[in-house]
Amino acid sequence: MEKYDVILEVVRTSNISKAAKNLNYSQSAISQTIKSFESEMGFPIFKRLNSGVQLLPNAQDVIKSLEIIHQENQKLQQLSDSMTQSEIGTVRIGSFISFAMTYLPKILKEFTTKYPKIKFEIFTGNQQEIYTKLHRNEIDIAFTSMYGMEEFSCEVFLKDEFVVVLPCDHPLVTESTISINRIVEETYILSGERFDFEIGSFIHSLGLEPQYTFEIFDELVALKLIEAGFGISIFSKFFLDSIPNHVTVAIRPIKEHYYRSLVIARNPEVYSSAASDIFKGFATAWFDKLDQFPKI
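Residues numbered from 1 in each chain as written. Predicted model: local features only at pLDDT ≥ 70, side-chain atom pairs only at ≥ 80, totals over all residues. Heavy atoms only, no water.

The name an unreviewed UniProt entry gives the protein chain is HTH lysR-type domain-containing protein, with Candidatus Enterococcus ferrettii as the organism. Check the Sequence similarities (unreviewed entry) section of the UniProt entry for the protein chain; it says "Belongs to the LysR transcriptional regulatory family." (UniProt positions renumbered as here; feature names shortened; annotations may be inferred.)

Set out below in structure tokens:
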């Protein structure tokens, strides 16, 4: 492994022992690599703390350069893979947690049976985090929402409907569908990505401003608050289907029907390895075989 990769891992973890564990190195080897690199640079880049290490301000530009070198080395390795053995390499995947918990394991199980030498790095995060990693070429393929991904190459695999989630004893439970205008009359539980993406887009397009008391950055906690009767919220059906039996809540369709498009996204501006091409083609074919996926 390049010494630059060792330095980057120490920066990422801010801890020599964690970096050593992640890289399967000894702590002394990591410390020696840092010492050698600092000697080569002519100045220290880390401040030693009781809890770990801290990157010194004057080393920020050094780390940016190392990140560029790391990315270029990956491109070289991918190019080598594609020109020698297309069924060898590493595919870096970004995904919503809900997708990573449901369909991604099934896809990977079938794929790795056919292509056992292709490895995977999997990142899970929200829409903004996935966008950033795809833009920076830190992942090859993303399973995400179409919203805000216009600059990338996207292929729709699922039409995902938004629904209202409310306590089981809420008065609106008696209605088969709930109009979006009724939602602003209720206490709203703001969760996850707030009103920054699809939910906020269609709510604000109608000139509506739901009043919220709680802002929760964990969707499961938000659902527990709804279960306890603190308010209502809107979630995607795909997300709710990924967590069966975790909470007891009522789910009702929105009368006006709002959807999002879930896609396989790639950055057309960066090099695509043969391994990622193979996986993308496999995933596309896998979705095409599933009749239960409503396409747009």
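**Q** Tell me about the packing of helix 1 (residues 3–13) against helix 2 (residues 16–23), residues and numbers included.
**A** The description of two helices packed together rests on the angle between their axes and the distance between the axes. Between helix 1 and helix 2, the least distance of the axes is 8 Å, while the angle of their chain directions is 125 degrees. When the axes of helix 1 and helix 2 are compared, the pair comes out oblique. The interaxial crossing formed by helix 1 with helix 2 has right-handed handedness. Judged by residue contacts, V6, E9, V10, R12 and T13 of helix 1 engage K18, A19, N22 and L23 from helix 2. Class assignment for the residues of the contact of helix 1 with helix 2 results in 4 nonpolar, 2 polar and 3 charged. (Axes fitted to C-alpha atoms, helices over the stretch in contact; angles between N-to-C directions. Helix = DSSP H or I, 4+ residues; strand = E, 2+ residues; numbered from the N terminus. Parallel < 35°, antiparallel > 145°, perpendicular 65-115°, else oblique. Left-handed = near helix turned anticlockwise from the far one by under 90°. Contact = heavy atoms within 4.5 Å. Nonpolar A, V, L, I, M, F, W, Y, C, P; charged D, E, K, R; others polar.)

**Q** Residue-level account of the pattern of salt bridges, with values.
**A** On inspection of all chains with the given rule, the structure shows 11 salt bridges. Linking D140 and R92 is a salt bridge whose minimum nitrogen-to-oxygen distance equals 2.7 Å. Remark: R92 occurs in strand 3 (residues 89–95) and D140 occurs in the loop between helix 6 (127–135) and strand 5 (141–145); sequence separation between them is 48 residues. Overall, R92 belongs to the buried group, its relative accessible area being 5%. Here E227 and K224 are joined by a salt bridge, their closest N and O atoms 2.7 Å apart. Placement of both E227 and K224 in helix 9 (residues 219–227) is noted, with a separation of 3 residues, approximately one turn of the helix. (Salt bridge = Lys/Arg side-chain N within 4 Å of Asp/Glu carboxyl O. Buried < 20%, exposed > 50% of the residue type's maximum accessible area, 1.4 Å probe, protein only.)

**Q** So what about the nonpolar core? Which residues, and what values?
**A** Counting residues in hydrophobic clusters, the biggest one holds 34 residues, and the most contacted among them are F99, L104, F143, F157, F279 and F287. When residues of this core are traced back to their parent elements, those giving at least two are strand 3, helix 5 (97–114), helix 6, strand 5, strand 6 (153–166), strand 11 (259–266) and helix 11 (274–288). Ranked by the residues each element gives to this core, the list is headed by helix 5, at 7 residues. The contact partners of F99, leaving out residues within four places of it in the chain, are L104, P105, I107, F143, F157, F238 and F287. (Core = buried A, V, L, I, M, F, W, Y, C linked by side-chain atoms within 4.5 Å.)

**Q** Tell me about the environment of F43, and name the residues and values.
**A** Tracing the backbone shows F43 in the loop between helix 3 (27–41) and strand 1 (46–49). With 15 residues separating them along the chain, F43 and N58 place their C-alpha atoms 9.4 Å apart.

**Q** I'd love a proper account of the pairing of strand 9 (residues 233–236), names of residues and values included.
**A** Neither face of strand 9 is exposed, since S233 and F235 on one face and I234 and S236 on the opposite face are all buried. Relative to strand 9, strand 6 runs antiparallel, the two sharing 4 bridges. Looking across to strand 9, one finds that F162 is bridged to S236. (Pairing = 2+ DSSP bridges.)

**Q** Can you lay out the environment of K133 for me, pointing to particular residues and giving the numbers?
**A** Position of K133 relative to the elements: it lies in helix 6. It is 7.9 Å that separates the C-alpha atoms of K133 and G94, two residues lying 39 residues apart in sequence. Not counting residues up to four positions away in its chain, the partners in contact with K133 are F123, E138 and I139.

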